[in-house]
Amino acid sequence: QVRVQLHGGIARARPPAVNRIRTDALPGGVEEISVFPIGWVRSLWWSATQVDNLARILDRLKRTYNLDENRVYLTGTSDGGTGVYFMAFRDPTPWASFLPLIGDMMVLATPVVRTDGEIFPGNAANKPLYIVNTGRDRLYPAHVTQIHVDHLRKLGGTVVFRVYPELDHSTASWPNERPELEAFVHER
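Since this is a predicted model, take the numbers as computed values, not measurements.

So, how was this worked out
- Residues numbered from 1 in each chain as written.
- Predicted model: local features only at pLDDT ≥ 70, side-chain atom pairs only at ≥ 80, totals over all residues.
- Heavy atoms only, no water.
- Helix = DSSP H or I, 4+ residues; strand = E, 2+ residues; numbered from the N terminus.
- Rg over C-alpha atoms; globule rule 2.2 N^0.38 Å.
- Buried < 20%, exposed > 50% of the residue type's maximum accessible area, 1.4 Å probe, protein only.
- Contact = heavy atoms within 4.5 Å.
- Areas by Shrake-Rupley, 256 points an atom, 1.4 Å probe, with all protein chains shown as cover.
- Lys, Arg positive; Asp, Glu negative; His and termini not counted.
- Charge placed at Lys NZ, Arg CZ, Asp CG, Glu CD.
- Polar contact = N/O pair within 3.5 Å; in protein donor to acceptor, adjacent residues only side chain to side chain.

### With respect to the overall build of the protein
A count of helices and strands for the protein gives 5 helices and 6 strands. Listed by position from the N terminus, the elements making up the protein come as β-α-β-α-β-α-β-β-α-β-α. For 188 residues, the compact-globule estimate of 2.2 N^0.38 gives 16 Å, and the protein sits close to it at 15 Å. Seen through its C-alpha atoms, the protein measures out along the principal axes to roughly 45 × 35 × 35 Å. Put simply, the protein has 188 residues, and 49% of those count as buried. For the protein, restricting intrachain contacts to residue pairs at least 6 apart in sequence, the fraction spanning at least 24 positions comes to 74%. Split by element, the accessible area of the protein, about 9,400 Å² in all, is 51% carbon and sulfur. Put simply, the protein has 21 plus and 20 minus side-chain charges, and the middle of one group is 5 Å from the middle of the other.

### Details of the side chain of Asp104
Inspection of the secondary structure puts Asp104 in the loop between strand S4 (97-101) and strand S5 (129-134). Within the structure, Asp104 has its side chain in polar contact with the backbone nitrogen of Met106 (distance 3.0 Å). The contact partners of Asp104, leaving out residues within four places of it in the chain, are Thr82, Tyr85 and Tyr140.

Keep in mind that these numbers describe shape and distance, not what the molecule does.
Given below as structure tokens:
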């Protein structure tokens, strides 16, 4: 199985240091290949350069390892979670499932973030999503995300939406969430 995890804080002027990416990594409990691509202000998660970058990374992995292509999933936190939505809407085919954590799909509709090209939220209806948000998140509050989750469900999508009402914009839910998230990935 392959996990590609997109980091947060994408608007940095320079690419983040590799050791910074590891601090954003959510620990896993299953054996898998973990990939931590790098994004920054000149290569945002919601850009064509990242669509190409992730496709090239997956191609290289497939040529190097005996991967189960049905067990390649994309996850990310904060801006990385928003990037997960972008890929689900723009290029869903390579991925078995999408797991945006404390991200917001509506960021992609904001002109200031410069979403590259058209996106099609209906594309996400064909792939399972496991979405985690927090109730006290000043950036992406769960009650707002709920509206968009309901829309994805109306489109026919398989969506698990988990909310931690007492938490702010953080991954503090991870110890509780990890077994559920890993089971979701395994089943899909």
